[in-house]
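Residues per chain are reported as follows:
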Amino acid sequence: MLSFRKNLENIPIYDGVEKNYRVKINANESTLNLPPLVEERVFGRLSHLAFNRYPNEEYYDLIEQIAKNFSVDKSQILLGNGSSEIIEKVFQVFGGEGKKIIFPQPSFSMYKIYAKVAEAESVIFNLDKKFDLNVDEFIKKIREENVNLAVICNPNNPTGNILSVEDIEKILSSIDCTLLLDEAYIEFHGKSAVNLVKKYKNLIVARTFSKAYGLAGARVGYMISSKEITDNVKKIFMPYHMNSLSLAVADIVFQMRDEFVPRIQIAVSERERMIKRLSEIKNLEVFPSRTNFILIRHEKADELNEFFESLGIGVRFFKGNESLKNCLRISIGTRAENDEVFDAMKNFLEEI
Ligand SMILES: Cc1ncc(COP(=O)(O)O)c(C=O)c1O
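The rules we used
Residues numbered from 1 in each chain as written. Predicted model: local features only at pLDDT ≥ 70, side-chain atom pairs only at ≥ 80, totals over all residues. Domains from an automatic or database assignment. Helix = DSSP H or I, 4+ residues; strand = E, 2+ residues; numbered from the N terminus. Near = placed C-beta within 6 Å. Nonpolar A, V, L, I, M, F, W, Y, C, P; charged D, E, K, R; others polar. Pairing = 2+ DSSP bridges. Axes fitted to C-alpha atoms, helices over the stretch in contact; angles between N-to-C directions. Buried ≥ 20, exposed ≤ 12 C-beta atoms within 10 Å, placed from the backbone. Contact = placed C-beta atoms within 7 Å. Parallel < 35°, antiparallel > 145°, perpendicular 65-115°, else oblique. Left-handed = near helix turned anticlockwise from the far one by under 90°.

Some details on the domain arrangement of the chain
Split into domains, the chain comes out as domain 1 (8-33 + 260-351) and domain 2 (36-258). For domain 1 versus domain 2, the separation of C-alpha centres amounts to 24 Å. Put simply, the parts of the chain that give the side of domain 1 that touches domain 2 at least two residues each are helix H9 (261-278) and strand S10 (293-297). Take the side of domain 1 that touches domain 2: its biggest share by element is 4 residues, from H9.

The following block contains the structure:
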């Protein structure tokens, strides 16, 4: 008989099977592939990659660049297969039986799963009606529950709102446990708390190349923290856990990150334009966003989602999720895609 590890039956499978949407705005990806100049360099680099060797040079080149950019030591950086691998490993390192991990709700849905996999107890902290985090209450809960790891996603997915760097520092200066700050969407906001790593040994900042840098397909992320933390996270990585191809691509993308600035700016201005337009639709609640997506609420969200599906437009619908009742999350696409989404939504909602 097949016998699986304890509690595995309570862990849902991440359903990665996707429809082939004509307008794909359900996963907060970059709507554009690599800038032509970057693509050219990437192909040049791949043509002399040592496929026969384990990834060493590529790994340390990227670490060196990132460390230099943030003025930290190389020992304070770890790379991962997307920030997903980083987050999962951090949960493993600070989780385990009898340990508690706190994270807000609603937030990135994978935190709950990683906590289960790490056999830690999840402590859910509910955001308020506007999806803001009450900092004092959060600190209180961390202390009361004696949690081992606190997690904040800033800006928050899927709500799009932010916590100020001052509030993050207030939390850090009030707690003893480790804080994992997930900055997957920080480039669309611009106010990172990464410099606090130099002051607080218990801070981990997780970043990704998947969103602003359009590398979702390469799966590259990284973390910045104290050496004491990276030394412990390293212990549970498998040898050569990253592949040379992705590392070489990410290395060039990081070198050429200025090439991405115009498209980040366009995504931000499209977001603002969409927020303004959507706010004019009657009975549609539009939440403020500092990311590359917008959360909306309408009592006909289910029907609206079906309508989008019928048009080949894929958005994220949070069916059955009480904290996100009647909410849809729409990633920012090209201007033409955004216009199409807006027109479809306006026509549908004003007709019913
Ligand atoms: C908040 C947040 N963190 C982390 C991730 C993981 O991204 P990746 O593994 O592609 O870096 C995502 C992906 O959607 C996300 O939304």
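Topic: the site of the ligand
Neighbouring the ligand are 13 residues, the closest being Gly82, Ser83, Ser84, Thr208 and Ser210. With 3 residues, the top contributor of residues to the shell around the ligand is helix H3 (residues 82-94). The class makeup of the residues in the shell around the ligand is 4 nonpolar, 8 polar and 1 charged.

A word on the sheet that holds strand S2 (residues 77-80)
One open sheet holds the 7 strands; their spatial order is S2-S8-S7-S6-S5-S3-S4, and the pairing between them is mixed. Strand pairing shows two members of the sheet lacking a second neighbour, S2 and strand S4 (121-126), which therefore form its edges. Shown here is a sheet whose adjacent strand axes are inclined to one another by a mean of 20°, direction ignored. As paired strands, strand S5 (residues 149-153) and strand S6 (residues 178-182) are joined by 5 bridges and run parallel to one another. Bridge pairing in S6 links Cys153 to Asp182.

Topic: unusual backbone geometry
In this model, Gln105 is joined to Pro106 through a cis peptide bond whose omega is 0°. Inspection of the secondary structure assignment puts Pro106 in the loop between strand S3 (100-105) and helix H4 (110-117). Following Asn154, the chain continues into Pro155 via a peptide bond in cis, with omega recorded as -5°. Residues other than glycine seldom take positive phi values, yet Asn146 does so here, at roughly 55°. Mapped onto the elements, Asn146 comes out in the loop between helix H5 (135-145) and S5. The exposure class assigned to Asn146 is exposed, which follows from the 11 C-beta atoms found within 10 Å. The residue Asn326 is not glycine, and still its phi comes out positive at about 60°. Summarising the element assignment, Asn326 is placed in the loop between strand S12 (316-317) and strand S13 (327-331).

Thoughts on the sheet that holds S10
The strand order across the open sheet built from 4 strands is S9-S10-S13-S12, with neighbouring strands paired in antiparallel fashion. Where the open sheet ends on each side, the last strands, each with one partner, are strand S9 (285-286) and S12. Strand direction decides the pairing type here: S9 and S10, joined by 2 bridges, are antiparallel. If you follow Glu285 over to S10, its bridge partner there is Arg297. The strands touched by H9 are S9 and S10; relative to S10, the strand with the most contacts, the crossing angle is about 15°. Seen against the sheet, helix H10 (residues 301-310) touches S10, S12 and S13 and runs at an angle of roughly 35° to S13.

Considerations on the packing of H3 against H4
The interhelical angle for the contact between H3 and H4, taken along N-to-C directions, is 45°, at an axis separation of 8 Å. Judged by the angle between their axes, H3 and H4 are oblique. The crossing of H3 and H4 is right-handed. Contacts between H3 and H4 pair Ser84, Ile87, Glu88 and Phe91 from the former with Met110, Tyr114 and Ala115 from the latter.

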